[in-house]
Amino acid sequence: MTKEKIFFVINRKSGRGRARNILESLLKLNFPFPIVEVDKESPKETIEFLERNLQSEDIVVAIGGDGLFNLVCQIVAKRGSKLWVWPAGTGNDFSSLHFPYLEIDDALPNVLTSGSFKEIDIGEVEFENTRRSFGQVLSAGFDSKVNARANEFKVLKSSFKYTVATVLEIFKFKPIEYKLLIDGAPRILRAMTVVVANGSTYGGGMKIVPDANPADSVLDLLILHPVSKLELLRVFPKIFKGGHVSHPAIEIMKI
């Protein structure tokens, strides 16, 4: 058993019962590691809650979905702690690319022996005098509105809810003016969306930037230049396999 400190953080609401089942199994084991249940509606409250409770543990085991992993990243990125993610959400874009889906009998031995850790890049974004870390994808534009709408759906499954949200948002969306500073070079442009990708997928497996590598020390920038609503509807289904990247309105670069 590892000598490093281990702290379990779990969102029992994740994965339509998946995380709750893992929690119940852990509690039956009576192992000597603290478990923090996160049940806060506000991300700010959750981060503050984690800051007060995590202290300086070496390993944080986060059991939940991408939302929980993002919140825990705010802590471990600042402290240099290790993050062991246990996928139990609906989309699991961050975790499913780097970590296997493991049942409790397989997962616990890996955790208790420090598992197999790998170094990955972490992006940072600053807005409204707040600095946040992200491990997967940062987007601003049409897809972020789709994501917000999809999160309102409580019954629909992951990939299908994003399809429905896209149809609902597309008819009222207009291109946005962006002011970008890319490696010191300013650009002003109108676009449907701008995506900064550390990982390749979002929205439950949609391959927004298929070649993005979270361990190559660079980020990938995708710009979707203005297209008609009909063209956007035509191109959108290709995102699930990454076929959209060849469209002439798509611009991708390493930054």
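Structure report, in brief. Just so we're clear, the structure is a prediction, and the values are computed from it rather than from any experiment. (Residues numbered from 1 in each chain as written. Predicted model: local features only at pLDDT ≥ 70, side-chain atom pairs only at ≥ 80, totals over all residues. Heavy atoms only, no water.)

1. Let's talk about the overall build of the chain
Piece 1. Looking only at helices and strands, the chain has eight helices and twelve strands in total.
Piece 2. Scored against the burial criterion, the 255 residues of the chain give a buried share of 46%.
Piece 3. In the chain, of all internal contacts separated by at least 6 residues, the share reaching a separation of at least 24 is 65%.
Piece 4. Of the roughly 13700 Å² that the chain leaves accessible, carbon and sulfur atoms contribute 53%. (Helix = DSSP H or I, 4+ residues; strand = E, 2+ residues; numbered from the N terminus. Buried < 20%, exposed > 50% of the residue type's maximum accessible area, 1.4 Å probe, protein only. Contact = heavy atoms within 4.5 Å. Areas by Shrake-Rupley, 256 points an atom, 1.4 Å probe, with all protein chains shown as cover.)

2. Some thoughts on the sheet that holds strand E12 (residues 250–254)
Piece 1. Taken in spatial order, the four strands of this open sheet run E7-E10-E11-E12, and their pairing is antiparallel. At either end of the open sheet lies a strand with only one pairing partner, and these are strand E7 (137–141) and E12. Taking the axes of each pair of neighbouring strands and ignoring which way they run, one obtains an average angle of 15° across the sheet.
Piece 2. Both strand E10 (residues 193–197) and strand E11 (residues 220–224) contribute to a ladder of five bridges, which runs antiparallel. Among the inter-strand pairings, Ala197 is bridged to a residue of E11, identified as Asp220.
Piece 3. Across the sheet, helix H6 (residues 142–150) is in contact with E7 and E10; its angle to E7 comes to roughly 100°. (Pairing = 2+ DSSP bridges. Axes fitted to C-alpha atoms, helices over the stretch in contact; angles between N-to-C directions.)

3. A word on the side chain of Thr166
Piece 1. Among the secondary structure elements, Thr166 is positioned in helix H7 (residues 158–170).
Piece 2. Every residue in contact with Thr166, bar those within four places of it in the chain, is listed here: Phe142, Val146 and Phe236.

4. Looking at the environment of Val9
Piece 1. Among the secondary structure elements, Val9 is positioned in strand E1 (residues 6–10).
Piece 2. Residue class for Val9 comes out buried when judged on its relative accessible area of 0%.
Piece 3. Spatially, the C-alpha atoms of Val9 and Ile63 are 6.1 Å apart, while their sequence positions differ by 54 residues.

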